[in-house]
Amino acid sequence: MFLKLLPVLIIMLALVSIVLFLIPNETLVKYMGEGSGIKGWVTAALIGSIALIPGFIAYPLCGILIDNGVAYSVIAVFITTLMMTGFLTLPVEAKFFGWKVSVIRNLVSLAAALFIGLIMGFFL
Amino acid sequence: MKTLKKYIFPIVFLILIGLSYLFDFAAGKQVGNNFWMFFKEMILFLPLMFILIGLFDVWVPREKTEQHIGSESGWKGTGLVILLATLQAGPLYGAFPFAYILWKKGCSIKNIFIYLGAFSTIKIPMITFEIGFLGLKFSLLRTLITLPVFVLIGYLMEWYLKDKDFEVKQP
């Protein structure tokens, strides 16, 4: 099972590495920073959904964003989509759950992330 | 031939990264560093996951799984999968093979998706890390709000999939 997954996993990791390189932190701050409003939410959800990023990368990255003035609610959306939804990881997910279910799970998780951000916005 | 085709992209990618280091090409080196970071994580966690899967497969009988986290297991079952998921570490794609073994052993659809939700967003080994970077208030709030949301996703997925031929496949 591991060896069968390996090529797909490597392709996925390679693509994630390239995307991470193409989107530097300054760009994230620019689009999600203070006064970005709805644009910040959309950016957080879109970029967060590209790939499944594990917590040990997501947390420090979000720490930098908060220090640069990104709102907590936007961070909540970003972090949740980073960890729960990944369109680049879909081919791996589809091997287990099939395409339809994987796409549905990702879309539902995306909606959930926006909802979590909304609630977080009330508290912080 | 088919195997070769599957590996062609990874091989080309690795050659390009290698050349970047050789010729000191900054962009390529940075992509290479990112890749190495993810690859290390995969190589560290995936074998552990597969050992865990193997042990689970051999040691835990189907009746026990069905009884504790199957369709009749109720809140206790949900609590159990959440506990299981939050204690494990690693990226979400590492949870897919474990979800397969849970499914094979009779775990309910609801609990499979709750497991994936908990695995991706709440990790006991990671919580101190999150607090360090994002603060106690944010981390606690996020955990408390996220928990009911993905339990709800589990119910939604089960409601949607229960009379469709849903299965978790072995790749």
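Residues numbered from 1 in each chain as written. Chains lettered and ligands numbered in written order. Predicted model: local features only at pLDDT ≥ 70, side-chain atom pairs only at ≥ 80, totals over all residues.

1. Let's talk about the overall build of chain A
When helices and strands are counted, chain A shows seven helices and zero strands. In sequence order, the secondary structure elements of chain A are arranged as α-α-α-α-α-α-α. Relative to the globule expectation of 14 Å for 124 residues, the C-alpha radius of gyration of chain A, 15 Å, shows essentially globular dimensions. When its C-alpha atoms are laid out on the principal axes, chain A stretches across 45 × 30 × 20 Å. The proportion of buried residues among the 124 residues of chain A is 50%. A fraction of 82% describes how many contacts in chain A between residues 6 or more apart in sequence connect residues 24 or more apart. (Helix = DSSP H or I, 4+ residues; strand = E, 2+ residues; numbered from the N terminus. Rg over C-alpha atoms; globule rule 2.2 N^0.38 Å. Buried ≥ 20, exposed ≤ 12 C-beta atoms within 10 Å, placed from the backbone. Contact = placed C-beta atoms within 7 Å.)

2. A closer look at the overall build of chain B
The secondary structure content of chain B amounts to eight helices and zero strands. For chain B, the α and β elements follow one another from N to C terminus as α-α-α-α-α-α-α-α. Computed over its C-alpha atoms, the radius of gyration of chain B comes to 20 Å, more than 25% above the 16 Å expected for a compact globule of 171 residues. Each of the three principal axes of chain B carries a C-alpha extent, and together these read 60 × 50 × 30 Å. Within chain B, the fraction of its 171 residues that count as buried is 35%.

3. Brief notes about the interface of chain A and chain B
In this complex, chain A contributes 46 residues to the contact, which on the side of chain B involves 49 residues. For the side of chain A that touches chain B, the secondary-structure elements that each account for two or more residues are helix H1 (2-22), helix H4 (55-67), helix H5 (72-84), helix H6 (90-97) and helix H7 (99-123) of chain A. For the side of chain A that touches chain B, the element with the highest residue contribution is H1 of chain A, accounting for 14 residues. When grouped by side-chain class, the residues that make up the side of chain A that touches chain B number 36 nonpolar, six polar and four charged. (Nonpolar A, V, L, I, M, F, W, Y, C, P; charged D, E, K, R; others polar.)

4. As for the domain arrangement of chain B
Split by domain assignment, chain B resolves into domain 1 (1-45) and domain 2 (60-171). Inter-centroid distance (C-alpha atoms) of domain 1 of chain B to domain 2 of chain B is 32 Å. (Domains from an automatic or database assignment.)

5. Overview of the environment of Leu83 of chain B
Mapped onto the elements, Leu83 of chain B comes out in helix H4 (residues 74-87). Each C-alpha atom, one on Leu83 of chain B and one on Lys123 of chain B, is 9.4 Å from the other, the two residues being 40 residues apart in sequence.

6. Section: the environment of Pro10 of chain B
Within the fold, Pro10 of chain B resides in helix H1 (residues 2-22). Sequence-distant contacts of Pro10 of chain B, that is, excluding residues within four places in its chain, are made with Pro7, Ile10, Ile11 and Ala14 of chain A.

7. Digging into the packing of H5 of chain A against H7 of chain A
Residue and element names in this part refer to chain A. The interhelical angle for the contact between H5 and H7, taken along N-to-C directions, is 155°, at an axis separation of 8 Å. One finds that H5 runs roughly antiparallel with respect to H7. Crossing geometry of H5 relative to H7 is assigned as right-handed. Residues Tyr72, Ser73, Val74, Ala76, Val77, Thr80, Thr81 and Met84 of H5 touch H7, and the partners they reach there are Ser109, Leu110, Ala113, Leu114, Ile116, Gly117, Leu118, Met120 and Gly121. In the contact of H5 with H7, the residues fall into eleven nonpolar, six polar and no charged. (Axes fitted to C-alpha atoms, helices over the stretch in contact; angles between N-to-C directions. Parallel < 35°, antiparallel > 145°, perpendicular 65-115°, else oblique. Left-handed = near helix turned anticlockwise from the far one by under 90°.)

8. Let's talk about the nonpolar core
Judged by nonpolar contacts, the single largest core of 80 residues is most densely connected at Leu13, Val74 and Ile75 of chain A together with Ala99, Ile112, Tyr115 and Ala118 of chain B. When residues in this core are grouped by element, the largest group, ten residues, is from H5 of chain A. Of the residues that make up this core, three or more belong to each of domain 1 (1-45) and domain 2 (60-171) of chain B. Residues in contact with Ala118 of chain B, not counting those within four places in the same chain, are Val81, Ile82, Ala85, Thr86 and Phe150 of chain B. (Core = buried A, V, L, I, M, F, W, Y, C linked by C-beta atoms within 7 Å.)

9. Structural notes on the confidence of the model for chain B
All names here are of chain B. Of the residues in chain B, 99% reach a pLDDT of 70 or more, and the chain-wide mean stands at 90. Between the elements of chain B, mean pLDDT differs from a low of 86, seen in H1, to a high of 95, seen in helix H8 (residues 136-161). As a predicted assembly, this complex carries a pTM of 0.89 together with an ipTM value of 0.90. (pLDDT = per-residue confidence, 0-100.)

10. Side note on unusual backbone geometry
Residues and elements named next belong to chain B. Positive phi outside glycine occurs at Asp24, with the angle close to 55°. By the secondary structure assignment, Asp24 is in the loop between H1 and helix H2 (26-59). Here Asp24 falls in the exposed class, since 8 other C-beta atoms lie within 10 Å of it.

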